[in-house]
Amino acid sequence: MSPSPDDQGMRLQRSSRDPAALIPRLTEWLATQLPDEADPTLTLGSGIDSNGMSAETLTLTLTWREAGDTQIAELIARVVPAPGDFPVYENYSLPDQFDVMRIVAETSDVRVPRVRFLEPSGEVLGTPFLLMDRVDGQVPPDVMPYTFGGNWLFEADPEQQRRVQESTVETLAQLHAIPDAATTFAFLDPKQPGVTVLERNLNRARAWYEFAARDIGPSPLVERILKWLSANLPEPSTYETVLSWGDARLGNLMYRDFAPVAVLDWEMATIGPRELDVAWIVFGHRVFHAIANNFGFPGMPEFMREDEVLASYAAHSGVELGDLTWYTMFAALNYSVVFMRAGGRQIHFGEMERPEDIEVLLHHRALVEELLADLGA
């Protein structure tokens, strides 16, 4: 019998904090942000544990008084993990996330949740947080991956799945159409050294890998990817700099009627080539499809195919993209670091034993090895 997904450590603990204990401090802080005599109250909803692992996510109902009337808002709180809870990223910048979501909402038709409050100091809850409106919809699950079956996307008919694919690619095209991105979103330009924006993005990913390796140990496979990426960096004349969502995958989108109603999770937002997001969303599905195959499930082989995504992107953006190989390997690099941090967190919380070979944590290992072999790397 094949091991269950739980045996493989795919269910993740995100925090050692008690969410209910945060409510009094959060309520007191909100009283300083709302109008006088608002008298806010907060109710904690259920947690969100089927997607994402980078931040603690709380569902909240906020009630307050304003202009003599009772106001109610359904909110999501995104809280930076405590340092002792094995955070995914070495550095979090909630002000950047807050600002990019605000600007995207103001300058495009891309649907993002309304951001309401930002506390960047960490003085209230111990780490920074932001509050944004909660959006109703469905998200393709990460845990268990939507490619395993038993969820709305897998069980949708081919026409509905096609609508998800087309509308998702259209959303990427709309995001990339925001004008003058290099200036408007200059604050997202990676701080790492590099002559070009793509080299700076590569060096940011390299620094993230080095952060992960300090805790879990180095990965020869990841270092092969880095070596190939460094030796084959595309020339700046081959790409246009746009706003890049950074973590463009289905599990970071919320859908209603098989079309996006919210683009979520902007921790990895940057500026760079269009190809970053397009290759990322294709590769992300390939990873989940490969994991499904590993467990003996058929997966979704006809969904998010690269040729179809490229054709759809050209139709929606008017831009025909070329070879995605470098950008696919860049996505493979970042997915590797995600899996290293996820595995490290499971070891940290006692959910699994530390393996002798840390590369067993890389759920896409076979796929990456195949890609590298094709490249002769």
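Cut-off values and rules
Residues numbered from 1 in each chain as written. Predicted model: local features only at pLDDT ≥ 70, side-chain atom pairs only at ≥ 80, totals over all residues. Heavy atoms only, no water. Axes fitted to C-alpha atoms, helices over the stretch in contact; angles between N-to-C directions. Helix = DSSP H or I, 4+ residues; strand = E, 2+ residues; numbered from the N terminus. Parallel < 35°, antiparallel > 145°, perpendicular 65-115°, else oblique. Left-handed = near helix turned anticlockwise from the far one by under 90°. Contact = heavy atoms within 4.5 Å. Nonpolar A, V, L, I, M, F, W, Y, C, P; charged D, E, K, R; others polar. Pairing = 2+ DSSP bridges. Expected span 1.5 Å × (residues − 1). Bend = angle between axes of the 7 residues up to and from the residue. Buried < 20%, exposed > 50% of the residue type's maximum accessible area, 1.4 Å probe, protein only. Polar contact = N/O pair within 3.5 Å; in protein donor to acceptor, adjacent residues only side chain to side chain. Salt bridge = Lys/Arg side-chain N within 4 Å of Asp/Glu carboxyl O. Phe/Tyr/Trp six-rings, centres within 6.5 Å; stacked < 30°, edge-to-face > 60°. Core = buried A, V, L, I, M, F, W, Y, C linked by side-chain atoms within 4.5 Å.

Enquirer: Can you explain the packing of helix α5 (residues 197–216) against helix α6 (residues 220–231)? Please cite residues and give values.
Expert: As a packed pair, α5 and α6 sit with axes 11 Å apart at the nearest point and diverge in direction by 165°. Looking at the two axes, α5 sits roughly antiparallel to α6. Both α5 and α6 take part in a crossing whose hand is left-handed. Counting all contacts with α5, which are made through L202, R206 and Y209, the residues of α6 involved are V222, E223, L226, L229 and S230. Of the residues belonging to the contact of α5 with α6, the class tally is 5 nonpolar, 1 polar and 2 charged.

Enquirer: Could you give an account of the sheet that holds strand β5 (residues 129–133), naming the residues involved and the relevant values?
Expert: Taken together, the 5 strands give an open sheet; going across it, the order is β1-β2-β3-β5-β4, and neighbouring strands pair in antiparallel fashion. Each of the sheet's edge strands pairs with one partner strand only, and the pair in question is β1 (41–44) and β4 (115–119). Direction aside, the axes of adjacent strands within the sheet are offset by 25° on average. Taken together, the 4 bridges between β4 and β5 define a ladder with antiparallel strand orientation. Bridged to V115 within β5 is M132. Taken strand by strand, helix α2 (residues 94–107) contacts β3 (69–79), β4 and β5, and its axis lies near 165° from that of β4.

Enquirer: So, helix α1 (residues 19–33): which residues are in play, and what are the values?
Expert: Along an α-helix, residues three or four positions apart point the same way, because every turn accommodates 3.6 residues. With 15 residues, α1 should reach 21 Å at 1.5 Å per residue; the first-to-last C-alpha distance of 21 Å fits that figure. Along α1, the largest kink reaches about 25° and is centred on R25. Among the residues making up α1, those that are buried are L22, I23, L26, T27, W29 and L30. Summarising the contacts, the buried residues of α1 are in contact with β1, β2 (56–66), β4 and β5. Its side-chain oxygen placed 3.2 Å from the backbone nitrogen of A20, D18 serves as the N-cap of α1.

Enquirer: A description of the pattern of salt bridges should follow, citing residues and the corresponding values.
Expert: According to the stated counting rule, one finds 18 salt bridges in the structure shown. We note a salt bridge from R200 to D189, for which the minimum N-O separation is 2.8 Å. Linking R200 in helix α5 with D189 in the loop between α4 (181–184) and α5, this pair joins segments that are 11 residues apart in sequence. One exposure class covers both R200 and D189, and it is buried. Close ionic contact of R365 with E369 constitutes a salt bridge, the shortest N to O distance being 3.5 Å. Remark: E369 and R365 occur in helix α10 (residues 365–375); sequence separation between them is 4 residues, near one turn of the helix.

Enquirer: Please provide a residue-by-residue account of the packing of aromatic side chains, values included.
Expert: Following the criterion strictly, the structure yields 16 aromatic pairs and no others. Each ring, one from W280 and one from Y335, has its centre 5.9 Å from the other, and the planes form 40°; the classification is tilted. Of this pair, W280 sits in helix α7 (residues 274–294) while Y335 sits in helix α9 (residues 325–348), and the two are 55 residues apart along the sequence. For the pair W280 and Y335, a shared accessibility class is recorded, and that class is buried. Ring centres of W326 and F330 lie 5.5 Å apart, and the angle between their planes is 10°; on these two criteria the pair is classed as stacked. A residue pair is termed a helical-turn pair when its members lie 3 or 4 positions apart in one helix, as W326 and F330 do in helix α9 at 4 residues. Grouping residues by exposure puts W326 and F330 together as buried. One aromatic cluster is present, formed by W280, F283, Y335 and F339 through successive ring pairs.

Enquirer: Explain unusual backbone geometry to me, using residue names and the numbers behind them.
Expert: Cis geometry is adopted by the peptide bond preceding M144, which originates at V143 and carries an omega value of -10°. Looking at where M144 falls in the secondary structure, it is placed in the loop between β5 and α3 (158–176). Phi is positive for D180, which is not a glycine, with a value near 55°. Notably, M304 is not glycine yet its phi reads approximately 55°, a positive angle. Its location among the elements puts M304 in the loop between α7 and α8 (306–317).

Enquirer: Explain the nonpolar core to me, and be specific about the residues and the numbers.
Expert: In this structure, V104, F185, L243 and W266 are the most contacted members of the largest nonpolar core, which totals 98 residues. F185 has contacts with V100, I103, V104, I178, L243 and I271, leaving out every residue within four places of it along the chain. Among the nonpolar cores identified, the runner-up in size contains 21 residues, and L22, L30, L58 and L125 belong to it.

Enquirer: How would you explain the packing of α6 against α10 if you had to name every residue and give the values?
Expert: For any two helices packed against each other, the geometry comes down to the angle between their axes and how far apart the axes lie. Two elements in contact, α6 and α10, have axes separated by 11 Å at closest approach and are oriented at 40°. Like other packed secondary-structure pairs, α6 and α10 cross with a definite hand, here left-handed. On the side of α6, the interface is formed by L221, R224, I225 and W228, while α10 contributes R365, V368, E369, L372 and L375. Tallied by class, residues from the contact of α6 with α10 come to 6 nonpolar, no polar and 3 charged.

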